[in-house]
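Report on the structure
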Amino acid sequence: MKQQGAHPEDTEGTPDASSHPDTAAPGAAHIDEVEGDEPLLPARVHRPSDLMRLLAGVLAVVVLLAVAAFAHGTTSGLEQDINKGTGQAPDLLIKIAGLASSIAILLVPVAFAIERLIKRDGLRIADGVLAAVLAHGVTLATDLWVARAAPDSIQEALTQPSPGDMHALTDPVHGYLAPVIAYMTAVGMSRRPRWRAVLWVVLLLDAFSMLVTGYTTPFSIILTVLIGWTVAYGTLYAVGSPNVRPTGRTLMAGLRTVGFRPVTASRVESGDASEAGDRGRRYFVTLEDGPPLDVTVVDREQQAQGFFYRAWRNLALRGFATRSSLQSLRQALEQEALLAYAAIAAGANAPKLIATSELGPDAVMLVYEHSGGRTLDSLPDEEITDDLLRDTWHQVRALQSRRIAHRRLVGDAILVDRSGTVILTDLRGGEIAAGDLLLRMDTSQLLVTLGLRVGAERAVASALSVLGPDTVADCLPMLQPIALSRSTRGTLRQLARERAEREREAVLEAYRQSKPARAEHGAHQVVLDKPDKKAVRAEQRAEKRAVDEAMEEAREEDLLTQIRHEVLRIRPQAPVEPARLERVRPRTLISFIAGAIGAYFLLTQLTHIEFGPLVENAEWGWVAAAVLFSAASYVAAAMALLGFVPERVPFVRTVAAQVAGSFVKIVAPAAVGGVALNTRFLQRAGVRPGLAVASVGASQLFGLGCHILMLLAFGYLTGTEKTPSLSPSRTVIGGLLTVAVLVLVVTSVPFLRKFVVTRVRSLFAGVVPRMLDVLQRPQKLVTGIGGMLLLTACFVMCLDASIRAFGDETTSVSIASVAVVFLAGNALGSAAPTPGGVGAVEATLTVGLIAVGLPKEVAAPAVLLFRLLTLWLPVLPGWLAFNHLTRKAAL
């Protein structure tokens, strides 16, 4: 069997069922001929639901252990209450329950395994046995950890003196109970109510008898159940669950159960694989008598596609902008059926739903009348007329008149039949009784969808002619990438990359065209041996003007901006400020997690340090020196920036901008905040935007090169300072070999090589012309490079002074070692997503200083003093400088 695309007769209207040869043969209705059926399905699939249950189980175990560790009074009181209540149970009942449960807890799983093997379901039994073995291993490891390494509070919550031997303790986790729970969970006994009820009764009896006789504790039983449950789902996700996805032949059988007599079914390929999980699998089905059908099949495996993406959208976006990521098959079936009926009732052209049915416990199907036609994406440009655009907007207006939101108005959801009528499909993800924001999101999505095909002007004009200027203007706050579909955002990103590439090529072409004239002028000046400074400067200005003009000509507005401008021509007072749709940004979440990890690391290091004696014995002269070095770093940073700016920029104001950067890097990652602030400062100082970006890029590029060279040089010195020869240490050699291997890997893997080349090329496209301007002024280049070296020297000396403030002659380390530690910490801080590199820098500096021989009692306070002087104390002056420069229109 082979996969096919859309049925070839879809573009020619409804095909005649008699054209199929199978219809002529008697009994053809009993022959399952499936064209383009599913390819060979994998025997197992990894379900996101299993992973979510695994993570939930791990979290529950962590919470249970935390409660046992920190709520000792609560656990002791709970145990006493349970022992008091169970102590009144009759002894005969306890003995009978214990005997029955101990026998049944082994017989029930074995009986279920025999029943499954008789029904040839051995794969599930194998999964259960594997989960049981792993659960037993986890219980042994947990018992060992509790006995030897766990805190006393956890040990007391999970164990108690054994009734048979008061000198021994009971098992923290039951080695036989956890495997049984893992087994029953992995084999899917939860789907068989009778077996599940019997086993849970047996488990409850066993737990009751163990509690009453004093062989366990309540927390031990709960931990046992959680371990068995967690290990089972971890096993299922690792090895995969048996694939129960229905095939095309199952679909043919399901159609017969609802009264149809199918002849053939061909798979219709989805246009967008990234959103296929939201659309279901589609089939074109011909019947013995009557018109053909369009059938959509939704199963659990396909429903799970994109689960994590939808879960992240639900977390990151506000509630009105998302829809549920966890939906049962029954809910999906009912929602799509309801929307299909509601759309037709609203007067919109939508596929007519004529039947629904389940295809076993793991799939459902929806049967529609065949629509035929082609999607908007497959139509050639000349066939997308203004009438077609207006008809599309009429269908959307019909939905919105009844408060129905489509939620996915992309090109492959808009169908155009043979007569030119527009039909809206893919209503499964829509909503009824939708609010104004969802309806406005639909309008903005369709504007972008049509704009990608016919341009912003025609898309906006067609919307205005149907919806009116007020409705279209109200959607402008929703006109932002986060409010658009996943495929549309991908298309816009691709167009942005192509647009940026054209701009770079235009700048490079302008620069190449000016090369011959510049070379001829340089040769002429050599012949005359009388360089004319005015002529040189005039030539430079002309070259800059040519590059600027080329960039201005090549600059293009993105589609969203074009749509805004078209709408504002009709409604100049329309709101354009984007609505706040995001609940949390990815960078904010990453920063919070990284900061929490860094704070935890620092707190664990500081708990063993007594700061009182350290502060009393601190050398305040070295503290003052560290303050001076920290202050001098801002002058050095100003030099490092101005050295790559040929234009005249006030030096004092540049120093103030670097001080303002101390405030900005607290609210943004260091590698982002400083670049943005310096670029903005240069633009406000009169430097053209493109040249400002190029200057900051040149400064960053030279800074990176100097950083790497200094790290290698100081690393070499650190490796040779304790040896009589000049051969570097094995650590330095290992580091260099590691870098070389990484370079080889990047250059040998096509994907990585293309990624690096693209990034480097985009950097050099603007930096190279700017560097040529700087090279014609050697004093500028000396200022820039000198500022970079001075900046690094100030920070190294500040860290060294901080070390000397808390140490003595016996605990000192060399300047080369301090420089290596600082350079490594600064590199990691620039790459860290946290503001100012919080957490990453402190951890790296502390570990690095300890590695070069500094005691932990000196390294930790020295790093804290260094970060206090270079990060936290400058925040207030930085805030004042930022506000001052803002008032002066310098930022």
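About the criteria used
Residues numbered from 1 in each chain as written. Predicted model: local features only at pLDDT ≥ 70, side-chain atom pairs only at ≥ 80, totals over all residues. Heavy atoms only, no water. Helix = DSSP H or I, 4+ residues; strand = E, 2+ residues; numbered from the N terminus. Buried < 20%, exposed > 50% of the residue type's maximum accessible area, 1.4 Å probe, protein only. Contact = heavy atoms within 4.5 Å. Areas by Shrake-Rupley, 256 points an atom, 1.4 Å probe, with all protein chains shown as cover. Pairing = 2+ DSSP bridges. pLDDT = per-residue confidence, 0-100. Patch = residues over 30% accessible without salt bridge, like charges linked within 9 Å, V, L, I, M, F, W, Y side chains within 5 Å. Salt bridge = Lys/Arg side-chain N within 4 Å of Asp/Glu carboxyl O. Core = buried A, V, L, I, M, F, W, Y, C linked by side-chain atoms within 4.5 Å. Axes fitted to C-alpha atoms, helices over the stretch in contact; angles between N-to-C directions. Parallel < 35°, antiparallel > 145°, perpendicular 65-115°, else oblique. Left-handed = near helix turned anticlockwise from the far one by under 90°. Nonpolar A, V, L, I, M, F, W, Y, C, P; charged D, E, K, R; others polar. Expected span 1.5 Å × (residues − 1).

**A look at the overall build of the protein**
Check the secondary structure of the protein and you find 32 helices and 11 strands. A total of 891 residues make up the protein; the buried ones form 45% of that total. Once local pairs closer than 6 in sequence are excluded, the contacts in the protein between residues at least 24 apart make up 77%. Accessible area of the protein: about 44300 Å², with a carbon and sulfur share of 63%.

**Things to note about the sheet that holds strand β11 (residues 422–424)**
Read across the open sheet, the three strands follow the order β9-β10-β11; overall the sheet is antiparallel. At either margin of the open sheet sits one strand with a lone partner, and together these are β9 (374–375) and β11. Relative to strand β10 (residues 414–416), β9 is paired through two bridges, and the arrangement is antiparallel. Looking at the pairing, Thr 375 lines up with Leu 415 of β10.

**Comments concerning the environment of Ala 434**
Along the chain, Ala 434 falls in the loop between β11 and α14 (436–454). Sequence-wise, Ala 434 and His 406 are 28 residues apart; in three dimensions their C-alpha atoms are separated by 9.6 Å. Ignoring any residue separated from it by four or fewer positions in sequence, one finds Ala 434 in contact with Arg 403, Ala 405 and Leu 439.

**Overview of the confidence of the model for the protein**
In the predicted model, the protein carries a mean pLDDT of 75, and 66% of its residues have values of at least 70. Within the model, pLDDT remains below 50 along residues 1–31, and this stretch shows 59 contacts once partners closer than five positions in the same chain are excluded. Taken together, the stretch residues 526–530 has pLDDT below 50 and engages in one contact with residues farther than four places along the chain or on a different chain.

**As for a nonpolar patch on the surface**
Among the surface-exposed residues, Leu 59, Val 63 and Val 67 lie close enough to one another that they form a single nonpolar patch of about 250 Å² accessible area. Locating Val 67 in the fold gives a position in helix α1 (residues 48–70). Judged by its relative accessible area of 34%, Val 67 falls in the partly exposed class.

**What about the nonpolar core?**
Residues Trp 393, Leu 447, Val 448 and Ile 563 are the most contacted members of the largest nonpolar core, which totals 45 residues. Contributing elements (two or more residues each) for this core: α12 (329–345), α13 (386–401), β10, β11, α14, α15 (456–467), α16 (469–474) and α19 (559–570). Considering each element in turn, this core owes the most residues, seven residues, to α15. When neighbours within four sequence positions are excluded, Leu 447 is seen to be in contact with Trp 393, Ala 459, Val 460, Ala 463, Val 472, Cys 475 and Ile 563. One finds Val 623, Phe 644, Cys 706 and Cys 798 within the second-largest nonpolar core, a separate group that totals 36 residues.

**Focus on the packing of helix α22 (residues 620–642) against helix α28 (residues 778–806)**
Helix-helix packing is described using two parameters, namely the angle between the two axes and the distance between the axes. Taken N-terminus to C-terminus, the directions of α22 and α28 make an angle of 160°; their axes are 7 Å apart at the nearest point. Our classification of the angle between α22 and α28 gives roughly antiparallel. Note on packing geometry: the crossing formed by α22 with α28 is left-handed. Partitioning the contact of α22 with α28 into residue classes produces 20 nonpolar, six polar and two charged.

**Here's the deal with the side chain of Ser 802**
Relative to the elements of secondary structure, Ser 802 occurs in helix α28. For Ser 802, a relative accessible area of 0% corresponds to the buried category. Non-local contacts of Ser 802, meaning those with residues more than four positions away in its chain, are made with Ala 626, Ala 862, Leu 865 and Phe 866.

**Focus on the pairing of strand β5 (residues 281–287)**
For β5, the buried fraction is high: six of the seven residues fall into the buried class. Two strands pair when backbone bridges link them, and strand β4 (residues 262–268) and β5 are joined in this way by six bridges, in the antiparallel orientation. Within the sheet, the bridge partner assigned to Ala 265 lies in β5 and is Val 285. Across five bridges, β5 lies against strand β6 (residues 293–299) in antiparallel orientation. The residue bridging Val 285 from the neighbouring strand is Leu 293, located in β6. If you look at the hairpin formed by β5 and β6, you'll find five residues sitting between the two strands, and Gly 290 has a positive phi there, around 105°.

**Section: the packing of α14 against α19**
Viewed as axis vectors pointing N to C, α14 and α19 meet at an angle of 110°, and their least axial separation amounts to 10 Å. Taken together, the axes of α14 and α19 lie roughly perpendicular to each other. Residues Leu 447, Val 448, Gly 451 and Leu 452 of α14 pack against Leu 559, Leu 560 and Ile 563 of α19. Within the contact of α14 with α19, the residues separate by chemical class into six nonpolar, one polar and no charged.

**Overview of the pairing of strand β7 (residues 353–358)**
Within a regular strand, the side chains alternate between the two sheet faces. Looking at chain direction, β7 and strand β8 (residues 363–369) are connected through five bridges and run antiparallel. The partner of Thr 356 across the bridge, within β8, is Leu 366. Where β7 hands over to β8, the hairpin turn is made up of four residues, of which Gly 360 adopts a positive phi near 85°.

**Topic: helix α31 (residues 856–872)**
The first and last C-alpha atoms of α31 sit 22 Å apart over 17 residues, in line with the 24 Å expected at 1.5 Å per residue. With respect to burial, α31 is a largely interior element, 12 of its 17 residues being buried. The set of residues buried in α31 consists of Val 858, Ala 859, Ala 860, Pro 861, Ala 862, Val 863, Leu 865, Phe 866, Arg 867, Leu 869, Thr 870 and Leu 871.

**A short note on the pattern of salt bridges**
Any two side chains of opposite charge can pair, so long as their charged atoms come close to each other. One pass over the full model with this rule turns up 16 salt bridges. With a shortest N-O distance of 3.0 Å, Arg 408 and Asp 426 are connected by a salt bridge. In this pair, Arg 408 sits in the loop between α13 and β10 while Asp 426 sits in the loop between β11 and α14, placing the two residues 18 residues apart along the sequence. One exposure class covers both Arg 408 and Asp 426, and it is buried. In this structure, the salt-bridge partner of Arg 804 is Asp 800, at a minimum N-O distance of 2.7 Å. With a gap of four residues between them, Arg 804 and Asp 800 both fall in helix α28, about one helical turn apart. Of the residues examined, Arg 804 reaches a relative accessible area of 32% and is grouped as partly exposed. Look at Asp 800 and you get buried, because its relative accessible area is 4%.

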